[in-house]
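Structure at a glance
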Amino acid sequence: EPEVTQTPSHQVTQMGQEVILRCVPISNHLYFYWYRQILGQKVEFLVSFYNNEISEKSEIFDDQFSVERPDGSNFTLKIRSTKLEDSAMYFCASNGGTSKNIQYFGAGTRLSVL
Amino acid sequence: KNQVEQSPQSLIILEGKNCTLQCNYTVSPFSNLRWYKQDTGRGPVSLTIMTFSENTKSNGRYTATLDADTKQSSLHITASQLSDSASYICVVRGSNQAGTALIFGKGTTLSVSS
């Protein structure tokens with residue numbers, strides 16, 4: 001069964017450093033999303049992406065964040081200058097194709113900012 | 001404010017027993033409601049998705065109900081198995097709401113013991 005894959009599974013970085021989290025959505029999907037989940041808290045929406053542009057973003061998704069679809073398969077989330085409070089699990093999701101409304105989530109990248 | 005509240009926060013049941021999880025939401029306008037299962041350290045996996053006009057939907061041993069008038073939903077699990085131990089998250093999608101996409105509840109942590 002096709003799945004959303006995310007790399008790396010765990011990223012450790014120093015405060016102030018830039019990180020790029022990578023996702024490969026399901027191949028025939030057209031809508032892509034990033035979510036985060038701080039430990040012990042609920043999942044929060046960050047951004048959605050369609051037709052090579054951001055379609056929605058939350059208050060969390062400030063100027064420190066950016067997304068890109070650099071080629072036909074990857075979807076990336078960049079955090080320009082990480083803060084301690086950026087430590088969280090980041091989930092990528094995609095939907096489209098025959099199961100249009102169902103978002104399929106990746107296993108997540110655990111980001112630890114020291 | 002758009003919110004999704006779930007109860008109970010956690011639940012312990014014996015293998016083979018049934019249980020019901022509750023979800024109340026204040027999201028308006030409403031598009032659809034989803035139940036996800038999230039195993040520890042994994043991304044959420046979709047169980048059911050219901051629109052305004054649907055009252056009940058089943059997926060194997062999982063049955064979800066929706067009362068759009070009272071803005072309540074429930075997830076009933078029958079004949080529980082050890083593998084049902086996970087967090088069950090109620091997620092509501094509003095319509096025409098920029099910056100929200102999916103609104104997640106905090107989840108109910110279910111532990112099934114033998």
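So, how was this worked out
- Residues numbered from 1 in each chain as written.
- Chains lettered and ligands numbered in written order.
- Predicted model: local features only at pLDDT ≥ 70, side-chain atom pairs only at ≥ 80, totals over all residues.
- Heavy atoms only, no water.
- Helix = DSSP H or I, 4+ residues; strand = E, 2+ residues; numbered from the N terminus.
- Rg over C-alpha atoms; globule rule 2.2 N^0.38 Å.
- Buried < 20%, exposed > 50% of the residue type's maximum accessible area, 1.4 Å probe, protein only.
- Contact = heavy atoms within 4.5 Å.
- Areas by Shrake-Rupley, 256 points an atom, 1.4 Å probe, with all protein chains shown as cover.
- Core = buried A, V, L, I, M, F, W, Y, C linked by side-chain atoms within 4.5 Å.
- Pairing = 2+ DSSP bridges.
- Axes fitted to C-alpha atoms, helices over the stretch in contact; angles between N-to-C directions.
- Salt bridge = Lys/Arg side-chain N within 4 Å of Asp/Glu carboxyl O.
- Phe/Tyr/Trp six-rings, centres within 6.5 Å; stacked < 30°, edge-to-face > 60°.
- Lys NZ or Arg CZ within 6 Å of the ring centre and 35° of its normal.
- Disulfide = S-S within 2.5 Å.

**Let's talk about the overall build of chain B**
Looking only at helices and strands, one finds zero helices and eleven strands in chain B. Walking chain B from its N terminus toward its C terminus, one meets helices and strands in the order β-β-β-β-β-β-β-β-β-β-β. Radius of gyration (C-alpha) of chain B: 14 Å, near the 13 Å computed for a compact globule of 114 residues. Along the first, second and third principal axes, the C-alpha set of chain B runs to 45 × 30 × 20 Å. Burial analysis of chain B (114 residues in total) assigns 46% to the buried set. Across chain B, every contact between residues at least 6 apart in sequence was considered, and the portion connecting residues at least 24 apart equals 56%. Of the accessible surface of chain B, which amounts to about 5,500 Å², a share of 47% is contributed by carbon and sulfur atoms.

**Some words on the overall build of chain A**
Helix and strand counts for chain A stand at zero helices and eleven strands. Helices and strands in chain A line up, N terminus first, as β-β-β-β-β-β-β-β-β-β-β. If you line up chain A on its principal axes, its C-alpha atoms span 40 × 25 × 25 Å. The buried share of chain A, taken over its 114 residues, is 43%. When contacts within chain A are restricted to residue pairs at least 6 apart in sequence, those whose partners lie at least 24 apart make up 54%.

**A few points about the nonpolar core**
One finds Val4, Tyr25, Leu33, Trp35, Leu75 and Tyr88 of chain B to be the most contacted residues of the largest nonpolar core, which totals 25 residues. Elements with a minimum of two residues in this core: strand S3 (19-25), strand S4 (30-38), strand S5 (45-51), strand S7 (62-67), strand S8 (72-77), strand S9 (86-94) and strand S11 (108-113) of chain B. Among all residues touching Tyr25 of chain B, those that are not within four sequence positions of it are Gln3, Val4, Phe30, Leu33, Leu66, Asp67, Ala68, Lys71, Gln72 and Val92 of chain B. Val19, Cys23, Leu46 and Phe49 of chain A belong to the second-largest nonpolar core, a separate cluster that totals 21 residues.

**Structural notes on the sheet that holds strand S1 (residues 4-7) of chain B**
As a general point, the strands of a sheet are linked pairwise by backbone hydrogen bonds and lie either parallel or antiparallel. All names here are of chain B. Strand order in the open sheet formed by five strands is S1-S3-S8-S7-S6, and the pairing between neighbours is antiparallel. The open sheet has two free edges, formed respectively by S1 and strand S6 (56-59), since each of these has just one partner strand. Along the sheet, successive strands turn relative to each other by an average axial angle of 15°, direction set aside. Where S3 lies against S8, six bridges are found, and the strand directions are antiparallel. The residue bridging Cys19 from the neighbouring strand is Ile77, located in S8.

**A few points about the pattern of salt bridges**
Two side chains with opposite charge may pair up if their charged atoms get near one another. Residues and elements named next belong to chain B. Considering all chains together, one arrives at three salt bridges over all chains under this definition. Here Glu54 and Lys57 are joined by a salt bridge, their closest N and O atoms 3.1 Å apart. Looking at Lys57, the relative accessible area reads 28%, which means it is partly exposed.

**Examining the side chain of Thr109 of chain A**
The topology assignment puts Thr109 of chain A in strand S11 (residues 109-113). What makes Thr109 of chain A buried here is its relative accessible area of 0%.

**A short note on the packing of aromatic side chains**
The full count for this structure, using the stated rule, is 15 aromatic pairs over all chains. Each member of the aromatic cluster is reached from another via a ring pair, and the members are Tyr33, Tyr35, Phe45, Phe91 and Phe105 of chain A together with Tyr36 and Phe104 of chain B. Sitting over the ring of Tyr62 of chain B, Arg61 of chain B keeps its end group 5.8 Å from the ring centre.

**Focus: the state of the cysteines**
Within the structure shown, the criterion is met by two disulfides over all chains. The disulfide bridge from Cys23 of chain A ends at Cys92 of chain A, spanning 1.9 Å between sulfur atoms. Linking Cys23 of chain A and Cys92 of chain A, the disulfide has an S-S dihedral of approximately -65° and is accordingly described as left-handed. In this pair, Cys23 of chain A is assigned in strand S3 (residues 19-24) and Cys92 of chain A in strand S9 (residues 88-96), connecting sequence segments 69 residues apart. Disulfide pairing is shown between Cys23 of chain B and Cys90 of chain B; the S-S distance is 2.0 Å. Torsion about the S-S bond of the Cys23 of chain B and Cys90 of chain B cystine: about -65°, corresponding to left-handed handedness. Here the residue Cys23 of chain B occupies a position in strand S3, and Cys90 of chain B occupies one in strand S9, the gap between them amounting to 67 residues. The same class applies to Cys23 of chain B and to Cys90 of chain B, which are both buried. Its sulfur unpaired, Cys19 of chain B is 15 Å from the next cysteine sulfur, which belongs to Cys90 of chain B.

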